[in-house]
Amino acid sequence: NKKSTISINNINEYTHDGRKMNVVVLFPDDWRHDSIGAENPIIKTPFLDSLAQQGMRFRQNAVTTSICWQSRATLFTGQWASRHQSFKLKCPHFAKGKNWNHTWPALLQQKAGYYVGHVGKWQYHSENKGRFDWSSYFEGKHVFRKQGKNIAAEDFAKNETIRFLNDRPKDKPFAVTVAFYPPKPVSNSQEPGGQWTPKKEYRAIYDNMTIPEPFNHTTAFKLLPDFLQRDRSAAAARWRFRYSTPFHYQEAMKNIYSLITQVDHACKEIVDELKKQDIYNNTLIIFTTDNGMFHGAHGLAGKWYPYQESIRVPLIIHDPRMPTEKQGTVDESFTLNVDLAETILGAAGLKPNKRMQGRDISDLYLDNYDDSGKTALEREPWRDEFFYEFTFLEEKEIPSSNALVRKKWKFIDWYAFNETQLFDLEKDPLELNDVKGDPGNKDIVNEMKARLSELRDEMKEPNIGCDTGKYFLESEEAKPR
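Thresholds, definitions, all that
Residues numbered from 1 in each chain as written. Predicted model: local features only at pLDDT ≥ 70, side-chain atom pairs only at ≥ 80, totals over all residues. Heavy atoms only, no water. Phe/Tyr/Trp six-rings, centres within 6.5 Å; stacked < 30°, edge-to-face > 60°. Helix = DSSP H or I, 4+ residues; strand = E, 2+ residues; numbered from the N terminus. Lys NZ or Arg CZ within 6 Å of the ring centre and 35° of its normal. Buried < 20%, exposed > 50% of the residue type's maximum accessible area, 1.4 Å probe, protein only. Contact = heavy atoms within 4.5 Å. Pairing = 2+ DSSP bridges. Axes fitted to C-alpha atoms, helices over the stretch in contact; angles between N-to-C directions.

Asker: Any chance you could explain the packing of aromatic side chains here in plain terms?
Answerer: To describe a pair of aromatic rings, you give the distance between the ring centres and the angle between the ring planes. Within the structure shown, the criterion is met by 30 aromatic pairs. Relative to Phe 174, the ring of Phe 164 has its centre 5.8 Å away and its plane inclined at 75 degrees; by these criteria the two rings are edge-to-face. Of this pair, Phe 164 sits in helix α5 (residues 153-167) while Phe 174 sits in strand β7 (residues 174-179), and the two are 10 residues apart along the sequence. The rings of Phe 76, Phe 94, Trp 100, Trp 104, Trp 122, Tyr 124, Phe 132 and Tyr 137 are connected pair by pair, giving a single aromatic cluster. Looking at Lys 407, its charged tip hangs above the ring of Phe 334, at a distance of 5.1 Å from the centre. The aromatic ring of Trp 409 is capped on one face by Lys 408, whose charged end is 4.9 Å from the ring centroid.

Here it is in structure tokens:
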């Protein structure tokens, strides 16, 4: 069996056969933690299930902000949104000027000689020339028209990724992010299932199934704070478009699950190409997503809010350095999307940028000894709580929030409405019963409220505002439109 005896003072960015580690990040959109076969046997994801058996699955993994573009900025920077402040689509501060030099793609290029690519969704309105060595940007559809033929979005992403793998210089290590658009909804159609367009053969897998509806979503909706129940609330409005009748719900979820299975197959074909090129055994493969989705839970659609369905996302890591005894295991630690940047840099033998705020996840499966003989977890135990934040400057009907999340308790602060909630996640994993007012919980409410305020203050950075200029690399200045 392989043993994890890596020293942090002689960081081993090489795999057991002496080759430098490559990195592939498989990154679909709007995909919550239990939308894989290992959590939900209705959903067919045979490849991801097998990848987890060869690597590790992190079951409590979460995002620190549940919205597409802010989560993507966190992926690249390893920073909470309070630090990268890329709150608006036209203001990707993380990619502006010298800020880009703090991201893992730039650090891999500059400090380790990596050839770095990006495929698919970027979302921010910014000039991207020169940011990656190789790029192919596209998003917004489930089906594209290419060379006179229709091609599914995940197949197009897969083809472009294989093109990257063929085009890359073979004498350099590489890293590539594959940002799939599906299963994210497209359009505002109110027809049953109309916001998703799967292939017929994949939809046929689910045609004769009945997808269980969320537990008592009508009652659950009435238990929400009043401001989330308003007709104009975006999550409530989208629920009416997508899930308002049993037929709407069945059509939507069958289409969503079909797209998930399609992306699963596209991921398999990408990894098959790694094997074909004999680089699978020295490639770190990360599968995760940008945010969760309610899918009708709480009578809601969309994401944004600090409830479990919104903030928890899948995370599977296949690492050639992983000890045999760790492979196929499920870890229940609080891993976060903010950790991925440092995990990638660690695999390349690089220390994190001082602006990064996460932790190398390999500490959970490699001993990472220091000179004293202590492992990483002996020196510093893994986190047992985390800070969630959601700041949305452009949409009054998607309220901002903060939360302090622990294994047993979650405390939510809807600060714009001066309202808080407390949930006992062990007794109430569906977060239906706010127990803030229970006399026996007074001390935990006060303690978590104070701790949340402390974390929020720690996260604060000077507000850098937002201009409407284009966002260029370091050698160029932002120019007004």
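Asker: Got a minute to help me understand helix α12 (residues 340-347) in this structure?
Answerer: Quick reminder: α-helices carry 3.6 residues per turn. Residues three or four places apart thus point the same way. Of all eight residues that make up α12, eight are buried, and the element is covered over most of its length. Burial in α12 covers these residues: Leu 340, Ala 341, Glu 342, Thr 343, Ile 344, Leu 345, Gly 346 and Ala 347. Buried residues belonging to α12 abut β1 (22-26), α2 (68-77), α4 (104-112), β8 (283-288) and β9 (315-318). Positive phi appears at Gly 349, one or two residues downstream of α12, with a value of about 80 degrees.

Asker: Mind showing me how you'd approach the sheet that holds strand β12 (residues 401-406) here?
Answerer: Strand pairing within a sheet occurs via backbone hydrogen bonds; the two strands may be parallel or antiparallel. Here four strands make up an open sheet; going across it, the order is β11-β12-β13-β14 and the pairing antiparallel. Each having just a single partner strand, β11 (385-390) and β14 (419-424) make up the two edges of the open sheet. Going from strand to strand, the sheet's axes swing by 10 degrees on average, the running direction of each strand aside. In this sheet, β12 lies alongside β11 in antiparallel orientation, the contact comprising six bridges.

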